[in-house]
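One letter stands for each residue in the lines below.
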Amino acid sequence: MKKFENKFNTNAIREGVKRTQEGEHSEAMFLTSSFVFKSAKEAADRFKNSKDGNVYSRFTNPTVRIFEERLASLEGAQKCIATSTGMSAILSCFMALCAPGDHIVVSKSIFGTSIQLFNKILTKWGLDITFVDLTNESKWKDSITNKTKFFFVETPSNPLTEICDIKKLAELAHSSNIKLIVDNCFCTPALQKPLLHGADIIIHSATKYLDGQGRCLGGAVLGDNEDMENVHSFLRTAGPTLSAFNAWVFTKSLETLSLRMKAHSSNAMLLATWLDQQKKVKKVFYPGLKTHPQFDLAKQQQSASGGVLSFEVNGSIKEAWKLIDSTNLLSITANLGDAKTTITHPASTTHSRLTVKEREDSGVKDNLIRIAVGLEDIDDIIRDLNYLSN
Ligand SMILES: Cc1ncc(COP(=O)(O)O)c(C=O)c1O
C-alpha cells in the first residue's frame, strides 16, 4: 500500500502531470508509436532498461503513464499497469503471475465473459479453477488447496450486486499465502478502496465508470511493484496495451470521477426505491436497499451504493423483453458506467455465452434486467419505465 498524500479529488485532478516545454495546462497527448534516441548508445541503454526513458508505446508512453500514476494514487497502489480492455487486464494478470498447475478460486457471481476467460482460456493453459459462492466464507475456506495462488472476486458483482467482506476474505487468503484480487469496476476507488481492506491486486475495466461517457475501451491492473513489474513485462512482450488516446480520455475523466459516482449512486438509490414499489417487479438487487442481504456490509465497505442495480420482473423472458422494448429514453446496450442510462437483459446478452448451469450458478435468471443508472434527471428515467407501474 502506498500512503495517500493529497486527498482524493486533488489526486484525481493533479496526479501524474508532467508538463512539456510548451507549458500546456491540460495533459499532453503523445500520439506516437516510438521515441527517438540521441545516439545508438542511448537506444541500447533504454532497450536494456539500464536508463529510464521512453522506447516504444507498446510498453512506454507518457500519456499512458499519467493515467497509470493518477489511478494508482486513487487506489493507493504502488503501481498501475494500463491495458487495452478490462478483459485484457484480467488475462495479463493471470498470464504474468501464474504458472501451469496453479489453482485459482473464483466467485460464481462475476461478469459472463470473465467466467468464459477462466473456463475456456485459462484452463487451457494449465490453471485449475474452482468457482464458489461469493458470500459463503466457508466455501472459500474449503476450496483452498496447497496449489491455490489467488482468490478472484467482483464486489459488488455484475449483475446481482452481491457483496463480499473484502477484509475477511483477504485475511483468509493471507493465512494460506494466497493473494486476493478484486475487480473494482462497479465502485471505482471513488466509492471503495479494496487495498485498504487488505486486497492485493485490483482490476479495472476503464471502459465503464473511469471513462464515464461510453467512449473508449481500456483496463488496468494495480498492485505492488513486484507483481506489476511482471504484468508490465507480459504487456511488453504480448502487447495488450492501452492506446495513448484512450489513456488521455480516461485521465481527463478521472478528474470528475467522485462527483459522477455520487450522482450515479443517488439516482440509482431513487430508482431502486421506486422499482421496489412496482407491482410488476418481483425483486430488486441494490446494495442501498435495506432488503439487500449485505446492506450493512455495503455501508461499512463502500461510501455509496453505486450506479448499477438489477431486478426480476414477474414472469419470464417475454415480460423482461417487453419492458426493455417499452423504453424510449434508456439505451438498450450492454455497457455500463455511462452518463446515459443503459438497460440490458443479462441472460441473453452479457451472460448469453454461459451454459444454462453456469447461468443458474451465477444467479442470472431469464426475468432479470440490469440498469446502469446514468446522470439524466431521475424523473425522466422513472417515467421511461412506466410500463412497470401499469
Ligand atoms: C465487472 C467487469 N469486469 C470486467 C469487464 C470487462 O471489461 P472490458 O469490456 O473493458 O473488457 C466488464 C465488462 O462489462 C465488467 O462488467
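A quick note: this is a predicted structure, and the numbers were derived from the prediction, not measured. (Residues numbered from 1 in each chain as written. Predicted model: local features only at pLDDT ≥ 70, side-chain atom pairs only at ≥ 80, totals over all residues.)

Looking at the overall build of the protein
This is how the line gets drawn: A run of H or I in DSSP becomes a helix once it reaches four residues, and a run of E becomes a strand once it reaches two; helices and strands are each numbered from the N terminus. Computation of the radius of gyration draws on C-alpha atoms alone. For the globule rule, the value is 2.2 Å times the number of residues to the power 0.38. Residues are treated as contacting if the C-beta atoms built from their backbones sit within 7 Å of each other.
Secondary structure summary: the protein contains 15 helices and 12 strands in total. Taking 390 residues into account, the globule formula puts the C-alpha radius of gyration at 21 Å, and the protein, at 21 Å, falls close to it. Judged by the C-alpha coordinates and their principal axes, the protein covers about 75 × 50 × 35 Å. Of all intrachain contacts in the protein linking residues separated by at least 6 positions in sequence, the fraction that spans at least 24 positions is 74%.

What about the site of the ligand?
Defined as follows: Placing the C-beta atom from the backbone, one calls a residue near a molecule or strand if that atom lies within 6 Å of it. In the scheme used here, Gly and all other residues not listed as nonpolar or charged are polar, with Ala, Val, Leu, Ile, Met, Phe, Trp, Tyr, Cys and Pro taken as nonpolar and Asp, Glu, Lys and Arg as charged.
Taken together, 13 residues surround the ligand, and among them T85, G86, M87, S205 and T207 come closest. Partitioned by chemical class, the residues of the shell around the ligand number four nonpolar, seven polar and two charged.

Points about the sheet that holds strand 4 (residues 148–154)
The criterion, for reference: DSSP-based pairing: two strands are paired if at least 2 bridges between them are found. Helix axes use the C-alpha atoms of the stretch in contact, all axes being lines fitted to C-alpha atoms, and the angles between their N-to-C directions lie in the range 0 to 180 degrees.
Overall, mixed pairing links the seven strands, which are arranged 1-7-6-5-4-2-3 in an open sheet. The sheet is open, and its two edges are formed by strand 1 (79–83) and strand 3 (128–132), each paired on a single side. Within this sheet the neighbouring strands show an average axis-to-axis angle of 20°, counted without direction. Two elements, strand 5 (residues 179–183) and strand 6 (residues 201–205), share three bridges in a ladder whose sense is parallel. Residue pairing across strands places V182 opposite I202, the latter belonging to strand 6. Contacting strand 1, strand 6 and strand 7 (219–223), helix 9 (residues 225–238) runs over the sheet at an angle of about 25° to strand 1.

What to know about the environment of I90
Convention followed: Backbone-placed C-beta atoms define the burial measure: a residue is buried with 20 or more other C-beta atoms within 10 Å of its own, exposed with 12 or fewer, and partly exposed in between.
Along the polypeptide, I90 turns up in helix 4 (residues 86–97). The exposure class of I90 is buried, given the 25 C-beta atoms found within 10 Å. Once the C-alpha coordinates of I90 and I203 are considered, the two residues, 113 residues apart in sequence, prove to be 6.7 Å apart. Residues within four places of I90 in sequence aside, it is in contact with S114, L117 and I203.

A look at the domain arrangement of the protein
Convention followed: The domain boundaries here were taken from an automatic or database domain assignment.
As assigned here, the protein comprises domain 1 (8–254) and domain 2 (258–389). A C-alpha centroid distance of 26 Å is found between domain 1 and domain 2. Facing 32 residues of domain 1, the contacting portion of domain 2 comprises 35 residues. Elements that contribute at least two residues to the side of domain 1 that touches domain 2 include exactly helix 1 (8–14), helix 5 (112–121) and helix 8 (188–191).

Quick look at the sheet that holds strand 11 (residues 342–344)
One open sheet accounts for five strands, arranged 8-9-12-11-10; its pairing is mixed. Two strands bound the open sheet, and with one partner strand each, they are strand 8 (281–285) and strand 10 (331–332). With three bridges connecting them, strand 11 and strand 12 (residues 368–372) associate as antiparallel partners. Paired with T344 across the strands is R370, a residue of strand 12.

Overview of helix 2 (residues 40–48)
Of all the nine residues making up helix 2, zero are buried; the element is thus mostly uncovered. One or two steps after helix 2, the chain reaches N49, where phi turns positive at roughly 70°.

Observations concerning the nonpolar core
Keep this limit in mind: By convention the nonpolar core is taken to be a set of buried residues drawn from Ala, Val, Leu, Ile, Met, Phe, Trp, Tyr and Cys and joined through C-beta atoms within 7 Å.
Counting 108 residues, the largest nonpolar core has C93, F151, V221 and L309 as the members making the most contacts within it. The greatest single-element share of this core, amounting to nine residues, is contributed by helix 4. Two domains each put at least three residues into this core: domain 1 (8–254) and domain 2 (258–389).

As for the environment of P346
Tracing the chain through its elements places P346 in the loop between strand 11 and helix 14 (356–361). Here P346 falls in the buried class, since 26 other C-beta atoms lie within 10 Å of it. In this view, P346 contacts P159, H351, V364, L368 and R370; residues no more than four positions away in its chain are not counted.

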